[in-house]
Every structure is written in C-alpha cells, then in structure tokens.
Amino acid sequence: MQTLQPALRLLCVNCNIRIEKLRRHLVFELDTRVISKICEWNPSIVITEEHYICDVCKESAIQHVNSGLANEPGESSSRGHMHACLVCGSSLRNRKCDLIVRENPSQLQQAIYIELENRIAPRQATSLDHVCHPCWLRLKRVATRNMQQNIQLQAEPEPEPEPELETELELEPEPEPEPQPQDQQAVEVPGMITLLHIESVERIDEHMFHYWLGMNKQQFELLLYEIPRLIETKRGILGLGALLMKMRTGDSDDRLSQLLMVPRRTLERLMDKAREILVQDFVPRNLGLQHISREQLLQHNLIIPNSVQN
C-alpha cells in the first residue's frame, strides 16, 4: 500500500502567502527589472529558480518599476498580501493571529522570537508580520521545552573529576609520516590569503591581487559598492573573489579550494550564490538597453556623425 506524500507547500517569496491555489509565477521568468525590485524588497533572500511569486505581488512590482521609470512616487506598501502567517503562509483574514513581541520581551517571548527566526531563516521578521494562533502555540511549546532543558542543564551538578592513576608508559618512537604526492598537498601561494572580508583584501599584495582577479583593489571595491547585498551575505566576498579567480584563470574548483583553503563543495555553493546576485543586481544596471536612457543612447550614437561634420 502506497503512503501518501505530504503536499508541497509553496509560498510567495515576497509576501509569504501560500500560493498552491493562487495564480503564481516563477520569479526567474519575469523581467530583470522586476526581479531586481523583488530582490530590493527582500535583501536577505537569494532568489533562485525554485522561487515563486503571487500574481498580486508581481503586479505590484511591475507598478513600482513603471513608477520609477516615469519618475512618479510609488505605493508605500511592497506586499501584495498583508495578512499572511509568517510561518505557514496561511491567510489571516478569518483566523486568530498573534503578534511577535520584539521590544522589551519577557524571557518566554524572547525564546519564542528566537525559535521563529530559526523557522523562517533567511527571511527576517518585521513589525508588519503576524503569526497564526496554531503556529504561535507550536512556537511556544518548543520555546518552553528549550527553556526547561536549559534550566535542567544548569541545575545538574558538574561531575567531579576522577583521580588519575599515575602510570609509567614506555614511549614508542612515532613513525615518520609518509611523503604525500605532490598533487595531494595543499598549494601555498605567497601573498594570497582568504578573501573573507574587505579588510583582508587590503592586506593582499597589489600585484598578486591583479594577477589572480584581473582587477585592482579599487575596481574590486567599486564592484562591491554596486552590489551591497553581496556584502551582507555570509562569506559573499569570498564567493565573488573565487568566481573572479575562476573566470580569470580557468582553474578547476579543486585547485581553487586548495588556494583559498575552503572545502570544494562550500566554495561551489558560494560561487553559485555570488553568480546569482550578480545576475540579479549587477547585470540589469550595467548591461542591456534597460540600463541607459534614450537621451544617453542618442548621444552615444551621434559621436561619429558629429566628428565627421566638424
């Protein structure tokens, strides 16, 4: 007898409402300017090919983009559905809901808020968010259980260390380590350190920095200034540096992981995240016809005719 699999819960990436029965769209199928606006509304979420958005939020994003092109003030709200549970995504119009206390919370309320953050990560709770009563009760039960466990751990006395018996052991000579093949040893590059923070970048030699990344430090800092969401992402600068190194040298992921002293799978995940942020935030503003106005385009096209006439 086959067991029924639980239905996949689809949530809108913007307003977090359940959209299994609502009209929805894949975010990556939308216009790049609309995707950039959605990323601007949700800076803590990295949009992937699996994210959906409800039709109301899509229309709201399109309206904001059109208002920006026409230099008109857009609407203040960026959410299509304001009454959705932050945890399960259910509509709260006809359901009892609870507020998450963030200012001057009690010990239990603080534990509930911590459990909520763990549930909804990487999304961040705001003052506009609500939680349905069933989800709030679940959060309260888990928070209460965690508090009781912490109290029990603090109440348990620490075991007294047992007296050690002094024994004389004959020391055997340690075997000499076998020489490893050259291709399995970690490659050390002078002047190259892990690109975890911008402070580390400043300590790298200028020549080595340009050799591996194909740009100087000032250009790298300008690139980071263009994509602030990458700086806010955990180890985002490392992913960008590794991606630029791969584009510059064409080295394999294994070699890059040895150079940067990072596991290969972790490095691949960081590079994929940096690539997605570049496509969403940097490319629409610097490539294509949408990043330049009609007047600027006409000025570029008149450079050669004006020079010929003069």
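Right above here is the structure, for reference.
One numbering rule holds for all chains: residues counted from 1, following each sequence as written. Residues qualify for local features only when their pLDDT is at least 70, as the model is predicted, and side-chain atom pairs are given and counted only at 80 or more; totals for whole chains, interfaces and linings, by contrast, use all residues. For side-chain calculations, the full set of non-hydrogen atoms in the structure is used, while hydrogens and water are omitted.

Colleague: Would you explain helix α3 (residues 107-120) in this entry?
Modeller: Structurally, the α-helix is built with 3.6 residues per turn, so residues lying three or four positions apart point the same way. Each helix is a run of DSSP H or I of at least 4 residues and each strand a run of E of at least 2, with the numbering of both proceeding from the N terminus. Multiplying 1.5 Å by the helix residue count minus one yields the expected span of that helix. If you check α3, its first and last C-alpha atoms are 20 Å apart, about what 14 residues at 1.5 Å a residue would give, namely 20 Å. Contacts were defined at the residue level, with two residues in contact if any of their heavy atoms lie within 4.5 Å. For α3, the elements touching its buried residues are β4 (131-132) and α4 (133-155).

Colleague: In this structure, what is going on with unusual backbone geometry? I would like to understand it.
Modeller: Generally, phi is negative for residues other than glycine and the peptide bonds are trans, each holding for most cases. Even without being glycine, Arg-235 reaches a positive phi, approximately 60°. With respect to the helices, strands and loops of the structure, Arg-235 is situated in the loop between α8 (228-232) and α9 (236-249). A positive phi angle is found at Met-261, which is not glycine, with a value near 55°. Of note, Met-261 is situated in the loop between α10 (253-260) and α11 (264-286).

Colleague: In this structure, what is going on with the packing of helix α1 (residues 32-41) against α11? I would like to understand it.
Modeller: For any two helices packed against each other, one specifies the crossing angle of their axes together with the interaxial distance. Fitted lines through C-alpha atoms serve as axes, helices being fitted only where they are in contact, and the angles separating the N-to-C directions of these axes extend from 0 to 180 degrees. At a minimum axis distance of 9 Å, the contact between α1 and α11 shows a crossing angle of 130°. The angle between α1 and α11 places the two elements in the oblique class. Relative to α11, α1 is oriented so that their crossing is left-handed. Two secondary-structure elements touch here, α1 through Thr-32, Ile-35, Ser-36 and Cys-39 and α11 through Gln-280, Asp-281 and Pro-284. Three categories are distinguished: nonpolar for Ala, Val, Leu, Ile, Met, Phe, Trp, Tyr, Cys and Pro, charged for Asp, Glu, Lys and Arg, and polar for the others, with Gly belonging to the last. In terms of residue class, the contact of α1 with α11 is made up of three nonpolar, three polar and one charged. Just so you know how the angles are binned, under 35 degrees is roughly parallel, over 145 roughly antiparallel, 65 to 115 roughly perpendicular, and the rest oblique. Should the near helix be turned anticlockwise from the far one by less than a right angle, the crossing is left-handed, and should it be turned clockwise, the crossing is right-handed.

Colleague: Where do I start with the pattern of salt bridges in this structure?
Modeller: Side-chain pairing between opposite charges can occur once the charged atoms of the two side chains come close. Whenever a carboxyl oxygen of Asp or Glu lies within 4 Å of a side-chain nitrogen of Lys or Arg, that contact is scored as a salt bridge. On inspection of all chains with the given rule, the structure shows 10 salt bridges. A salt bridge links Arg-33 to Asp-31; the nearest nitrogen and oxygen atoms lie 3.1 Å apart. Assessed through its relative accessible area of 36%, Asp-31 is described here as partly exposed. Each of Asp-254, Arg-264 and Glu-268 takes part in salt bridges that share partners, so that together they form one network. Burial classes: relative accessible area under 20% of the type maximum marks a residue as buried, over 50% as exposed, and values in between as partly exposed (1.4 Å probe, protein chains only).

Colleague: Is there a simple way to explain the packing of aromatic side chains in this structure?
Modeller: Aromatic ring pairs: the centre-centre distance and the angle between the two ring planes describe each pair. Here a Phe, Tyr or Trp ring, Trp counted by its six-membered ring, pairs with any other such ring whose centre lies within 6.5 Å, and the pair is stacked when the planes are under 30 degrees apart, edge-to-face when over 60, and tilted otherwise. Under the defined criterion, the tally for this structure stands at two aromatic pairs. A ring pair is formed by Phe-209 and Phe-220, whose centres lie 5.5 Å apart and whose planes are at 80°; its orientation type is edge-to-face. Taken as a pair, Phe-209 in helix α6 (residues 206-213) and Phe-220 in helix α7 (residues 217-226) lie far apart in primary sequence, 11 residues in all. With 5.3 Å between their ring centres and 90° between their planes, Tyr-211 and Trp-212 make a pair best called edge-to-face. On the accessibility criterion, Trp-212 (6% relative accessible area) is buried. In this scheme, the term charge over a ring applies when either NZ of a lysine or CZ of an arginine sits within 6 Å of the ring centre and within 35 degrees of the ring normal. Over the ring of Tyr-52 we find Arg-24; its NZ or CZ atom is 5.7 Å from the centre of that ring.

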